[in-house]
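Here's the letter readout for the chains.
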Amino acid sequence: MAGTGSWDDSHELGSQSDDSFQYERQHIEPIYDAFICPLTKQIMRDPVTLENGQTFEREAIEKWFNECKESGRKLVCPLTLRELKTTDMNPSIALRNTIEEWNARNEAVQLDMARKSLNPGCPETDILRALKFVQHLCQKSLSNKHIIRNADLIPMIVDMLKSSSRRVRCRALETLRVVVEDDDDNKEIMAEGDNVRTIVKFLSHEQSKEREEAVSLLFELSKSEALCEKIGSVNGAILILVGMTSSKSENLLTVEKADKTLENLERNESNVRQMAENGRLQPLLTLLLEGSPEIKLSMASYLGELALSNDVKVFVARTVGSSLINLMKSGNMQSREAALKALNQVSSCEPSAKILVDEGILSPLVKDLFAGPNQLPMRLKEICATILANVVTSDCDFDSIPVGPNHQTLVSEDIIHNLLHLISNTGPAIECKLLQVLVGLTSSPTTLIGVVSAIKSSGAINSLVQFIDAPQQDLRMASIKLLQNLSQNMGQELASSLRGTAGQLSGLIKVIGENIASTEEQAAAVGLLADLPERDMGLTRQMLDEGAFEIVISRIVMIRQGEPRRSRFVTPYLEGLVRVLSRITFVLADEPKAVSLCRDHDLAGIFTELLQANGLDNVQMVSAFALENLSQESKNMTKLPELPTPGFCASIFPCFSKQPVMTGLCRVHRGTCSRKDTFCLLEGPAIARLVALLDHTNEKVVEASLAALSTLLDDGVNIEEGVAVLCDAEGIKPIFDVLVEKQTEALGRRAVWVVERLLRTEDIAYEVSGDPNVSTALVDAFQHGDYRTRQIAERALKHVDKIPNFSGIFPNT
């Protein structure tokens, strides 16, 4: 008879040998030698007796016989080594019953020991052994799991999850998993109280071993439908599980278990919603595709409430776009509403909107939009308008996709007329969305022309302009953006409409000046004004009367001082402001108020300063053209000197007269000049900056700079002195370089004109006559230019003796 004992105190816990610890050796009653298999040295479960009376564990002796047979050895008893005649085995039923009764008595005592050990006050070693014993008991037989349940051990094991020992917590999680495997009753007990919440807490635990055990346990629990709802109801459980499935640092087995747990949780609709909310959308989309009509409606409704990233919107559009469009055509108003709300969400990024267009959303959308109020309530029409506003921003051929019964497209005249009619007969919310539809259609050159044509034929421009005064900011902004898109094609109509007495011009000016930071609305408003015909005298006068230019000047100064550079709209805003300000330079000859404003605010100085707006080509170009306009007026504004009346002797005897020497006069304009009062370019750094821009990479900036400099060589000024000024500024060579390079036709025409004036100076003509590049450029202009350019080129070639001057031989006729 072997000795007795209880828990094996000599065993080292936590080591590998602990996992294979044999609980059969943890006995309370004496263990008899007859219980032990001579081969395995373990307590027998299925004892069998051979012909010689020796007893072994069936599995062990069968293995021995097989080894004898395979190796060709004689069949012998492993204990006596005597030959056996047969492999017959007789079950030792009495011994087996005795062992089972012995086991049952021992297990009952050991179970009681385990109960006493599963106490927070017990030593860690005792708790760990007790938990391992429970595992062993459950793994030994499924029926033992009800013993654990009836002994109320499950709540005690759950309590061990609160232990301060990590090893105890890990072992408790592992034990609970074994206890609930394939046992619904035990899972039901786990559903009670805060048990599930406690397990979920381990998912975010830093120790990966605890996290792994918790996921494995949750996976087992999730096999029960009742527990699926319980797990999903724990705040953060699904979020953490979803995060684990996409983790790159997590154990692969843990990721797989988390994924399988989520698959089980999908049986609950509320969980599917939570998953979608946390980025796992496929379950929701699957239900939307395959569920019952009620489920489809529910999922579509929820999809409409979700905030989706752009990547997810594209995925959703590809997966269920077609289904949502079909649902949108449904006769059931609830389904239509749910589908429209979902499509509204999905359509709000360009790639997903394009997918929806390809899936055929346009036709039903337009049909719903123009349907009578009895067919679709206005709140749903507003969603239709929003979706349409979303999709028209995508890169699609809207002028070729049929949307009406007679193959009309979105830019067909009657469709645009219907949109304009709706805009005039609905509330602000839908008006705003419909205006955004037109903004989208007018943002593409291919669809802009059709919209412009339809607006012109409907005479709707005055109605659209009225929205500038709308109290709703988004409605006002949509109308301004639309009008800006139309301005280049409908500039005269817009200018006429804004010149009226309704006050929309004032509204536009107010928008331009109302914020410190540059906004998208301000950039659009100033862009609209900038696109209107610059020589429309009536509009410029009204802007003068309403103080528009003072506001524009203050904004330009503020931006140049660097105040609102936070905004991404500051560049288009500044460009628009400069273009609007340049309008005033086109009316100087006819409008004294404009001259006064230019003087009072030193506009020549402002535009000279703006020549240095590096990186802003449009600002530099517009500023140079504005300086051209200002400089052209200098010769009319310079104060010519008053010569004194000659004395008596001088009047009778001219030989006595002596011309007075006048000092301080402008070399070019021959009078008293200043930058501020006569806009003279010679005052300040304008000439040097304009010459520097002749080397600009943008040919439009070069053309504008050349235009401004050419005013120094204009009729009515001292051209020789103008040439001298350009010489002093080292501007002669860059001008010839422009002629030779001649990037555009317009630039070529200007360069030929300026070069002809320069070549009137003999020294320059002599020097250039030896330059074949200049001669070639002039010959090319003479041969291929328009009539006026050819004439000027001919004169220039005569200056360098490339064409003989016959005027001295043949008299003028």
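Residues numbered from 1 in each chain as written. Predicted model: local features only at pLDDT ≥ 70, side-chain atom pairs only at ≥ 80, totals over all residues. Heavy atoms only, no water.

The next thing to look at is the overall build of the protein. Each helix and strand in the protein was counted, giving 45 helices and three strands. Here the C-alpha atoms of the protein give a radius of gyration of 47 Å, more than 25% beyond the 28 Å that 2.2 N^0.38 yields for 813 residues. For the protein, buried positions account for 50% of its 813 residues. For the protein, contacts bridging at least 24 residues in sequence account for 66% of all contacts bridging at least 6. Accessible surface computed for the protein: about 39,100 Å², of which carbon and sulfur atoms make up 48%. Positive and negative side-chain charges in the protein, numbering 85 and 110 respectively, have mean positions lying 1 Å apart. (Helix = DSSP H or I, 4+ residues; strand = E, 2+ residues; numbered from the N terminus. Rg over C-alpha atoms; globule rule 2.2 N^0.38 Å. Buried < 20%, exposed > 50% of the residue type's maximum accessible area, 1.4 Å probe, protein only. Contact = heavy atoms within 4.5 Å. Areas by Shrake-Rupley, 256 points an atom, 1.4 Å probe, with all protein chains shown as cover. Lys, Arg positive; Asp, Glu negative; His and termini not counted. Charge placed at Lys NZ, Arg CZ, Asp CG, Glu CD.)

Turning our eyes to something else, we now look at a negative patch on the surface. Together, Asp182, Asp184, Glu188 and Glu192 give the surface a local cluster of negative charge. Here Glu192 shows up in the loop between α8 (184-190) and α9 (195-201). (Patch = residues over 30% accessible without salt bridge, like charges linked within 9 Å, V, L, I, M, F, W, Y side chains within 5 Å. Salt bridge = Lys/Arg side-chain N within 4 Å of Asp/Glu carboxyl O.)

The subject of this paragraph is the nonpolar core. With 191 residues, the main nonpolar core has Leu284, Leu303, Leu410, Leu486 and Leu759 as its most contacted residues. In this structure, Leu173, Leu176, Ile189 and Leu265 belong to the second largest nonpolar core, which totals 52 residues. (Core = buried A, V, L, I, M, F, W, Y, C linked by side-chain atoms within 4.5 Å.)

Positive phi outside glycine occurs at Asp152, with the angle close to 55°. Turning to its location among the elements, Asp152 is positioned in the loop between α5 (144-150) and α6 (153-159). Even without a glycine there, the phi angle at Glu730 is positive, about 55°. Relative to the helices and strands, Glu730 is located in the loop between α40 (719-728) and α41 (732-741).

A few words on the sheet that holds strand β3 (residues 90-91). Reading across from one edge, β2-β1-β3 is the order of the three strands in this open sheet, with antiparallel pairing throughout. Every other strand in the sheet has two partners, leaving β2 (55-57) and β3 as the edge strands with one partner each. Looking at chain direction, strand β1 (residues 47-49) and β3 are connected through two bridges and run antiparallel. Pairing of Thr49 across the sheet is with Asn90, part of β3. Each of β1, β2 and β3 is contacted by helix α2 (residues 58-71), which is oriented at about 95° to β2, the strand it contacts most. (Pairing = 2+ DSSP bridges. Axes fitted to C-alpha atoms, helices over the stretch in contact; angles between N-to-C directions.)

On to the environment of Ser163, then. By secondary structure assignment, the location of Ser163 is in the loop between α6 and α7 (166-180). For Ser163 and Lys85, which are 78 residues apart along the polypeptide, the C-alpha to C-alpha distance reads 60 Å.

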